[in-house]
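# Structural features, examined
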Amino acid sequence: RRRHSFPTRRSSDLYEAIYAKPERQADLQKLVAQLQADVAHCSVLELACGTGWWTERLASHAASWTATDADQGALDIIGHKSIRGITGTQILNAYQPDFSPRVDCVFAAHWYSHLKLEECQRFFKSVAQCLKPGGRLIMLDNQYVLGSSTPISRTDAEGNTYQTRPLKDGSSHEVLKNFPTHAQLHAASQPDFQPQPFASDLTLNIAHYWYLVMLKA
């Protein structure tokens, strides 16, 4: 399985550098405020928590928060940060999560874009099984913004897009990074989630990110 590796605490600086871009600060402030309100009093399962940038800002606002990742190195970073509000961490496959007891909310930041197009429907079906009746899936991810986003380096035969990202040691690596349309999100989420237009009160569409709340069908 494709996976990101977080071998040291120091590596979190590299992965979190994306949040330091000046042109994204207003969007991030808006997203954090919206999410803190959305997760209030909810039991939350976070998928692909990575270095815990979102976990740090949201966990204390929820009733309970379980941070998960496929990489133990990521969970080690979370542990070293001593984040207030976390009630547990767990190794979990975010492509097809299987988690109990069921929760009020599943949260996935910057994860959906790393799913291949053919994996998306299975992802939604698995997430629905993790949610209580009436539960919500909250996702946010990058919009493609010319001049701010890493350019697309190639597109494969299935329509998946990729970026080539430079590392501090001078090397580079290729990353799957899709930028789904709302129509693609809607199609892939059926029949497990209710359709949710971007224009509704439960959504937020801003310059550098897309944000969407889906209600379990």
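Up top you'll find the structure we're talking about.
Just so it is clear, the structure is predicted and the values come from calculations on it, not from any experiment.

Bringing the overall build of the protein chain into the picture now. Assigned secondary structure in the protein chain consists of six helices and ten strands. When each of the 217 residues of the protein chain is scored for burial, the buried share is 48%. Contacts spanning at least 24 positions in sequence make up 61% of the contacts within the protein chain whose residues lie at least 6 apart. For the protein chain, the exposed area adds up to about 10,300 Å²; of that, 52% sits on carbon and sulfur atoms.

Time to look at the pattern of salt bridges. Enumeration according to the criterion identifies six salt bridges in this entry. Put simply, Glu56 and Lys81 hold a salt bridge, and the shortest N to O gap is 3.2 Å. With Glu56 in helix α3 (residues 53-58) and Lys81 in helix α4 (residues 72-81), this pair connects stretches of sequence that are 25 residues apart. You can call Lys81 partly exposed: its relative accessible area is 25%.

Between Ser100 and the following residue, Pro101, the backbone shows a cis peptide bond with an omega angle of 0°. Among the structural elements, Pro101 can be located in the loop between β3 (88-91) and β4 (103-109). The phi angle at His41 is positive, at roughly 70°, despite the residue not being glycine. Position of His41 relative to the elements: it lies in the loop between α2 (25-38) and β1 (43-47).

Moving on, we come to the sheet that holds strand β6 (residues 152-155). Across a sheet, paired strands are connected by hydrogen bonds in the backbone, their directions being either parallel or antiparallel. Reading across the sheet, the three strands line up as β6-β7-β8 and stay open at both edges, with antiparallel pairing between neighbours. The sheet is open, and its two borders are formed by β6 and β8 (172-176), each paired with just one other strand. Between one strand and the next, the sheet's axes are offset by a mean angle of 30°, whatever the strand orientation. Pairing of β6 with strand β7 (residues 161-166) involves three bridges; the strand directions are antiparallel. What sits directly across from Arg154, in β7, is Tyr162.

Listed in full, the buried residues belonging to helix α6 (residues 182-189) are Leu185, Ala188 and Ser189. The arc that holds every buried residue of α6, seen down its axis, measures 95°, which confines them to one face. Contacts from the buried residues of α6 go to α5 (120-130), β5 (131-142) and β10 (209-215).

So, about a nonpolar patch on the surface. A contiguous nonpolar surface patch, about 310 Å² in accessible area, is contributed by Tyr144, Leu146 and Ile152. Note on placement: Ile152 falls in strand β6.

Here His114 lies in the loop between β4 and α5. Judged by relative accessible area, His114 falls into the buried class, the value being 9%. Reaching out from His114, the side chain makes a polar contact with the backbone oxygen of Leu176 at a distance of 2.6 Å.

Where burial is concerned, most of β1 is hidden: five out of the five residues are buried. Both faces of β1 are covered, namely the face carrying Ser43, Leu45 and Leu47 and the face carrying Val44 and Glu46. In this fold, the crossover linking β1 to strand β2 (residues 64-69) by way of α3 has right-handed handedness. Note: β1 against β4, four bridges, orientation parallel. Each residue of the ladder has a partner; that of Leu45, found in β4, is Val106.

Procedures and definitions
The written sequence of each chain sets the order in which its residues are numbered from 1. Totals for whole chains, interfaces and linings use every residue, but because this is a predicted model, local features are given only for residues with pLDDT of at least 70 and side-chain atom pairs only at 80 or more, for both listing and counting. The side-chain values count all of the structure's non-hydrogen atoms but skip hydrogen atoms and water molecules. Secondary structure counts use DSSP, requiring at least four H or I residues in a row for a helix and at least two E residues in a row for a strand, with both numbered from the N terminus. Each residue gets one of three labels from its accessible area relative to the maximum for its type: buried under 20%, exposed over 50%, partly exposed in between, using a 1.4 Å probe on protein chains only. Contacts are assigned to residue pairs with any non-hydrogen atoms lying within 4.5 Å of each other. We get accessible surface area from the Shrake-Rupley algorithm with a probe of 1.4 Å; when it comes to residues, only the shown protein chains can shield them. Salt bridges, as used here, are contacts in which a Lys or Arg side-chain nitrogen is within 4 Å of a carboxyl oxygen on Asp or Glu. Two strands are counted as paired when DSSP detects at least two bridges linking them. For helices, the axis comes from a line fit to the C-alpha atoms of the stretch in contact; other axes are also lines fit to C-alpha atoms, and the angle between any two N-to-C directions lies between 0 and 180 degrees. Comment: arc refers to directions from the helix axis out to C-beta atoms. Patches draw on residues past 30% relative accessible area with no salt bridge. Two like charges within 9 Å are joined, as are two nonpolar side chains (Val, Leu, Ile, Met, Phe, Trp, Tyr) within 5 Å. Pairs of N or O atoms within 3.5 Å make up the polar contacts considered here, provided that, within protein, one atom can donate a hydrogen while the other can accept it, and that residues adjacent in sequence are counted only when both atoms are side-chain atoms. Handedness of a crossover: with both strands directed away from the viewer, a clockwise path from the first strand across the helix to the second marks it as right-handed.

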